[in-house]
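Structural features, examined
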Amino acid sequence: MSKSKSVDEAAKHVLALESELESSGDASTAEEDLALAHEALHRWVDSVVGVVSSPGVGRVTLIHENGRQSKIASPDLPFLLSRTVTFEK
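Residues numbered from 1 in each chain as written. Predicted model: local features only at pLDDT ≥ 70, side-chain atom pairs only at ≥ 80, totals over all residues. Heavy atoms only, no water.

With that out of the way, let us pick up the overall build of the protein. The helix and strand tally for the protein stands at three helices and three strands. Start at the N end of the protein and walk to the C end: the helices and strands fall as α-α-β-β-β-α. Expressed as a percentage of the 89 residues in the protein, the buried residues total 11%. Residue pairs at least 24 apart in sequence account for 16% of intrachain contacts in the protein once pairs closer than 6 positions are excluded. Accessible area of the protein: about 7,400 Å², with a carbon and sulfur share of 55%. (Helix = DSSP H or I, 4+ residues; strand = E, 2+ residues; numbered from the N terminus. Buried < 20%, exposed > 50% of the residue type's maximum accessible area, 1.4 Å probe, protein only. Contact = heavy atoms within 4.5 Å. Areas by Shrake-Rupley, 256 points an atom, 1.4 Å probe, with all protein chains shown as cover.)

Structure follows, in structure tokens:
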């Protein structure tokens with residue numbers, strides 16, 4: 001299976017799950033749309049001033065400059081961050 005086909009199938013699967021919850025979403029794997037998404041994500045990540053990595057529950061909490069929190073459920077991200085996050089004393 002090609003990478004593009006597997007990405008398209010994953011996006012369709014997510015949309016199908018959301019529709020079961022009577023929620024809708026948008027998906028695109030088009031290069032131009034991805035470039036815009038990457039740009040928006042970089043701006044969003046650049047607003048992070050604190051990170052709480054919780055590998056045991058598979059979650060990362062981002063604390064943004066405005067005080068809001070964003071939680072990311074991921075089997076991989078908490079482990080990637082757990083070695084790099086340090087706290088000042």
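Here we take up the pairing of strand β2 (residues 59-64). Bridge count between strand β1 (residues 48-54) and β2: six bridges; the pairing is antiparallel. What sits directly across from Ser 54, in β2, is Arg 59. The turn joining β1 and β2, which pair antiparallel and follow one another in sequence, is formed by four residues; a positive phi near 65° is taken by Gly 58. Judged from the five bridges that link them, β2 and strand β3 (residues 69-73) form a sheet pairing that is antiparallel. Each bridged residue has a counterpart across the sheet, and for Ile 63 the counterpart in β3 is Gln 69. In sequence, β2 turns back onto β3 through a hairpin of four residues, with Gly 67 there showing a positive phi of about 90°. (Pairing = 2+ DSSP bridges.)

In this fold, Thr 61 is placed in strand β2. In this structure Thr 61 comes out as buried when scored by relative accessible area, which is 9%. Of note is the side chain of Thr 61, whose polar atom sits 3.2 Å from the side chain of Lys 71. Discounting chain neighbours no more than four positions away, the residues touching Thr 61 are Gly 50, Val 51, Val 52, Gln 69, Ser 70 and Lys 71. (Polar contact = N/O pair within 3.5 Å; in protein donor to acceptor, adjacent residues only side chain to side chain.)

Evaluation of the coordinates by the stated rule reveals one salt bridge. Residues Arg 43 and Glu 39 are paired through a salt bridge, measuring 3.1 Å at the closest nitrogen-oxygen approach. Highlighted residues: Arg 43 and Glu 39, both in helix α2 (residues 31-46), separated by four residues, approximately one helical turn. Overall, the relative accessible area of 47% leaves Glu 39 in the partly exposed class. (Salt bridge = Lys/Arg side-chain N within 4 Å of Asp/Glu carboxyl O.)

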